[in-house]
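Reading the structure
The chain contents come next:
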Amino acid sequence: MRWDTPLQELPWVGPQRTRQLTRFGLLTLGDLVSHFPKRWEDRNRFDRFPQTESDTPVCVMGMVQSAAVQRRGRARSFELRLVEEQSHALAGQITVRWFNLYWIEKVVATGMRLVVYGKPKRRGRQIVLEQPEFEVLEDDSSASLHLQRIVPIHRATEGLSTRVLRGVIWETLQRLESVALPNLIPSTLDPMARLEALRQIHFPDSFEDLSRARKHLVLNEFFGMQLSIALRRAEQQAQPGLCHAKTSRLVEQLHSSLPFSLTGAQLRTIEEIRSDMASGRPMNRLLHGDVGSGKTLVALSTMLLAVEAGFQAALMAPTQILAEQHYLQFKRLCAPLGIRVGLRTGNRKEESGPLPLFDHDRWQQAVVSGSADRPAATPSSEQPDIIVGTHALLYGKGNLDRLGLAVIDEQHKFGVLQRATLRAQGVCPDMLVMTATPIPRTLTMSLYGDLDVSTLDELPKGRGKIVTVARDSSKLPEAAKFLREHLEAGRQAYIVYPLIDASDKLEAKAAASEFERWQGLLAPMPCALLHGRIPPEEKDAIMEQFRQGTTKALIATTVIEVGIDVPNANLMLIENAERFGLAQLHQLRGRVGRGVHKSYCVLLTGAKEQEAMEKLQILERTSNGFDIAEADWDLRGPGDLLGTAQSGLPPLRIGSLVRDAELMMQARGAAFVIIEQDPKLEEPRHQIFRTLLQTIPTENLSQVS
Ligand code: ADP
Ligand code: MG
């Protein structure tokens, strides 16, 4: 019997159960015993029958006195009257009710003993448990498994009850005695035996044992994850790298041409990146900085380092608009330095032409043999040194042969594969990924665990403040008046309306009517409309007119969410703000507050619920990206925090990235120590960890290489 023994080979499971379990996604012994309970019930004592409504669920045991189907209008329900077992005049009673769960009618009947778990609700004069979880108690030989102990409640399904699952898992754990079930984590990390932990997680002797067991299994899970991250990192570091930075004349020129001086944080991160690039190891670095912290300039500076060392540098942005904005800015800043900038997007190629056909093979050989640290040929002056683009960068042919540095802007908008593809374009290019998503530390350790992290923790000085106000949508006329006054004073505004996942037709229609409405509200100020379906050339023209100030208000979808930088625009109004996540609103809001003028962000909500307003008020109170991320995390969970494009989060069976930060640190420490001593995990005493790696799904771990 092994961890991956198929259920069919376990005689006590039997063919029928095996089929049910397989349908449920449990295929092997390992799957079965790591199907951890979702909660536990202490059935040594049950709750009293509730007399009042409450938000805390109760767990009661009683006898079914009557059971009947009830109809009220079109609603059909199945109702029980449950009474306390010691029947006497004062015995408690409660109504239990299920809607549309017909199978329950077949398994519950008068006279049965039931354990019921749910929140008591008041319905008229009655206290009712609606749609509760339940279990029929039977007086058979296995009764001791289901009563008078802490009982596990496993996630179950129709036709495969918790009770049945509990039985099968119990049986399996009993037989596991004979199996060699070695510990997969160093005993210094946690001394508990794995078999013991598995038994106690399902059938704990006490709540204390339960928490010890959980700790062991969480560490087991996290250690596996961190070990695979550490291995990948070691692998990356062992790859041949090139020195992509030498002198910094161009960077100095760039900086002295700017009308402002760089922030301390910008200078520090440029230096961190430079020393990575100058080393012979490949760089994998995350540049993390709140909206408006000036990441673009850090990127451009480091790209110039690569150019000066004889390489090309590329920057990939998630949208066409953003790529073009970067392109224009880079072109302006680089022209005096004699550096050529090219643009490559799906729709436009400007000055990109055919990139240097380089003696790729010869160079690669030189790299491998270690004799080359720069290309053997210098590029013809016709070719861009810096290339800005969208995904289209990935699909050009052989044009990034001299790529020495690849920068990905707003990396959370890209998938893992796209990063890998970009890297594959050059020969060992250094990678810099940038994001404004402030992420809690556990998440950084899991998602970007193999990256070095630089943080821009300082905003440029002299920024106008952003005043944020959340209002009910009935205040729209006042808000419009407020906007118009500012526009008349020469400022510019973004008006954002949500359109999530609309079809082409709907989007066009909604956009057109939104636009008309706003044009009316802001008349006579010139407005423009921007959304995802507008053809690229038109988009360019629209953005350009807005940048130049000809257009005063831009009515847009979230296409403007990331990166857009128009300092004179100091107003933003977001309609139906409650439909966005806080982190996304924070990003959007980051479009204003870029110039010297005081900025305003007005959040309008049509939602009637108090909660929606409370959520938005978080943004009124704070402009700290980290605080907002944590609040968002609490409200919506990590997936949403990272955006929908790619969460890259590993599926966890038991650990929680929110609650188990401390355990993640411990696991990471232990894993990195081991890989430092034995980067390829070759030593015999470490072979056991390979077994662990086989049990975790690694393909979901994010990576940059
Ligand atoms: P983000 O980090 O959100 O990408 P950007 O790179 O777009 O931010 O920078 C926001 C704005 O701040 C730009 O207009 C940029 O020119 C300006 N900026 C960058 N660095 C500084 C600085 N050190 N001092 C003043 N303004 C700066
Ligand atoms: Mg940016």
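Residues take numbers from 1 onward in each chain, read along the sequence in its written order. A letter from A marks each chain and a number from 1 marks each ligand, given out in the order of writing. It should be noted that, the model being predicted, local features are given only for residues of pLDDT at least 70 and side-chain atom pairs only at 80 or more, the latter also being counted only at that level, while totals for whole chains, interfaces and linings use all residues. Only hydrogens and water are removed before side-chain values are computed, so all heavy atoms of the structure are retained for them.

1. A look at the overall build of the protein chain
Cut-off, in case you're wondering: Every helix listed is a DSSP run of H or I at least four residues long, and every strand listed is a run of E at least two residues long, numbered separately from the N terminus. Accessible area is worked out with a 1.4 Å probe on protein chains only. A residue is then buried under 20% of its type maximum, exposed over 50%, and partly exposed in between. In this description, contact between two residues means that some pair of their heavy atoms is separated by no more than 4.5 Å.
For the protein chain, the helix and strand inventory stands at 23 helices and 23 strands. Per-residue burial for the protein chain yields a buried fraction of 55% across its 705 residues. The long-range fraction of contacts in the protein chain, counting pairs at least 24 apart against all pairs at least 6 apart in sequence, stands at 76%.

2. Concerning the packing of helix 8 (residues 249-257) against helix 10 (residues 295-308)
What counts is decided by this rule: Only C-alpha atoms enter the line fits that serve as axes; for helices the fit covers just the stretch in contact. Angles between N-to-C directions range over 0 to 180 degrees. Residue type decides the class: Asp, Glu, Lys and Arg count as charged, Ala, Val, Leu, Ile, Met, Phe, Trp, Tyr, Cys and Pro as nonpolar, and the leftover types, Gly among them, as polar.
Look at helix 8 against helix 10: their axes get within 8 Å of each other, and the N-to-C directions meet at 145°. Contact residues: helix 8 offers Arg249, Leu250, Val251, Leu254 and His255, while helix 10 offers Leu297, Leu300, Ser301, Leu304, Leu305, Val307 and Glu308. Considering only residue class, the contact of helix 8 with helix 10 consists of eight nonpolar, two polar and two charged.

3. Some points on the packing of aromatic side chains
Under the convention used in this document: Stacked, tilted and edge-to-face pairs are distinguished by plane angle, under 30 degrees for stacked and over 60 for edge-to-face with tilted covering the rest, among Phe, Tyr and Trp rings (Trp via its six-membered ring) whose centres lie within 6.5 Å. Ring-over charges, as used throughout, are those where CZ of Arg or NZ of Lys falls within 6 Å of the ring centre and within 35 degrees of the ring normal.
All chains considered together, the criterion is met by seven aromatic pairs. Joined through ring pairs, the aromatic side chains of Phe78, Trp98, Trp103 and Phe134 make up one cluster. Over the face of the ring belonging to Tyr117 we find Arg39, whose NZ or CZ atom lies 3.2 Å from the ring centre. Directly above the ring of Trp3 sits Arg194, whose terminal nitrogen or CZ lies 4.5 Å from the centroid.

4. Quick word on the site of ligand 1
Test applied: Only a single heavy atom is needed: when it lies within 4 Å of a molecule or strand, its residue is near that molecule or strand. A 3.5 Å cut-off defines polar contacts: any pair of N or O atoms within that distance qualifies, except that in protein one atom must be a possible hydrogen donor and the other a possible acceptor, and neighbouring residues in sequence count only when both atoms are side-chain atoms. To be clear on the numbers: accessible area is Shrake-Rupley with a 1.4 Å probe, and residue cover counts the displayed protein chains and nothing else.
Taken together, 16 residues lie around ligand 1, and Gly292, Lys295, Thr296, Arg463 and Asp565 are the ones closest in. In this structure, Ser261 approaches ligand 1 through a main-chain N or O atom, which is 3.1 Å from a nitrogen atom. Contact distances for ligand 1 include 3.4 Å between an oxygen atom and a backbone N or O atom of Ser293. Coverage of ligand 1 by the protein amounts to 87% of the 570 Å² it exposes when considered alone.

5. Describing the packing of helix 9 (residues 264-278) against helix 10
We count it as follows: Crossing handedness follows the turn of the near helix against the far one: under a right angle anticlockwise gives a left-handed crossing, and clockwise gives a right-handed one.
Here helix 9 crosses helix 10 at 30°, and the two axes come no closer than 10 Å. For the crossing formed where helix 9 meets helix 10, the hand is right-handed. Along the contact surface, helix 9 presents Gln266, Thr269, Ile270, Ile273, Arg274 and Met277, while helix 10 presents Leu297, Val298, Ser301, Thr302, Leu305 and Ala306. Across the contact of helix 9 with helix 10, the residue classes tally to seven nonpolar, four polar and one charged.

6. Details of empty space enclosed by the protein
Rule in force here: Points on a 1 Å grid over protein atoms alone make up a cavity when a 1.4 Å probe fits among them but cannot get out, and a pocket when they form an open set with protein on both sides within 12 Å along at least five of seven lines; lining residues each have an atom within 4 Å of a point. Grid points are joined across faces, edges and corners, and a volume is the space filled by probe spheres set on the points.
Going through the model one piece at a time under the given rule, you end up with two cavities of 30 Å³ or more. Its volume calculated, the largest cavity comes out at about 90 Å³. If you trace the largest cavity, you find it lined by Arg233, Gln236, Gln237, Asp276, Ser279, Arg281, Pro282, Met283, Asn284, Asp450 and Asp452. When residues of the lining of the largest cavity are assigned to their parent elements, the largest contribution, three residues, is made by helix 7 (residues 207-238). Its residues assigned to classes, the lining of the largest cavity shows two nonpolar, four polar and five charged.

Keep in mind these values describe shape, not function.
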